[in-house]
Amino acid sequence: MKKQLISIVVLFLSIHSFAQQMGNQGKEDGMIGNSVGRHTELNPYMVPGRKTIYNDIPQTKECKETGRVVLDIVVDQKGNVLEAKIGRGTTTNALCLLEASKKAALNTKWNEDKNAEEKQNGKIVYNYKNESTLR
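So, a few notes on the structure that sits alongside this text. This one's a predicted model, so the numbers in the text were calculated from it and none came from an experiment. (Residues numbered from 1 in each chain as written. Predicted model: local features only at pLDDT ≥ 70, side-chain atom pairs only at ≥ 80, totals over all residues. Heavy atoms only, no water.)

## Some details on the state of the cysteines
Chemically, a disulfide is nothing more than a covalent bond linking the sulfur atoms of two cysteines. Under the defined criterion, the tally for this structure stands at one disulfide. Two residues, C63 and C96, share a disulfide whose sulfurs are 1.9 Å apart. Pair noted here: C63 is in the loop between β3 (52-54) and β4 (67-76) and C96 is in helix α2 (residues 95-107), with a separation of 33 residues, a long-range link. Under the relative-accessibility criterion, C96 is labelled partly exposed at 34%. (Disulfide = S-S within 2.5 Å. Helix = DSSP H or I, 4+ residues; strand = E, 2+ residues; numbered from the N terminus. Buried < 20%, exposed > 50% of the residue type's maximum accessible area, 1.4 Å probe, protein only.)

## Let's talk about the pairing of strand β5 (residues 81-86)
Where β4 meets β5, five bridges bridge the pair, whose relative direction is antiparallel. For V75, the partnering residue across the bridge sits in β5 and is V81. (Pairing = 2+ DSSP bridges.)

## Structural notes on the pattern of salt bridges
The full count for this structure, using the stated rule, is two salt bridges. Note that K123 and D72 form a salt bridge whose closest N and O atoms lie 2.4 Å from each other. Of the two residues, K123 sits in strand β7 (residues 119-130) while D72 sits in strand β4, which places them 51 residues apart along the sequence. With a shortest N-O distance of 3.7 Å, E83 and K85 are connected by a salt bridge. Relative accessible area serves as the criterion here: at 52%, K85 is assigned to the exposed category. (Salt bridge = Lys/Arg side-chain N within 4 Å of Asp/Glu carboxyl O.)

This is the structure we're talking about:
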């Protein structure tokens, strides 16, 4: 029963993530190509009540690793990312992915909200897949 419930939750999250990605990057497959044979899949950016106005793309051209990088972020009222730390749910130790993800997260810009907390917590999740595994 527990395995079935976990499978249902994972399926729901996958469908939700896919729906959030469609049309987001200007390509039919919702993927961002950053070199031959590499793609980065972006899950929704998550800060309650906020939207991104600029999504920086992690530069992983030379990195051949795969995995998920979860970043715990802190956003100020002006929409700047003040902190980005590797968070729970990260499935890779590849420095090339971790560093590129952190840099991109720090360059991401959120909408301004003068009614938000001075420092608001959120998450950004990057899923890195090798193009050969997408076919």
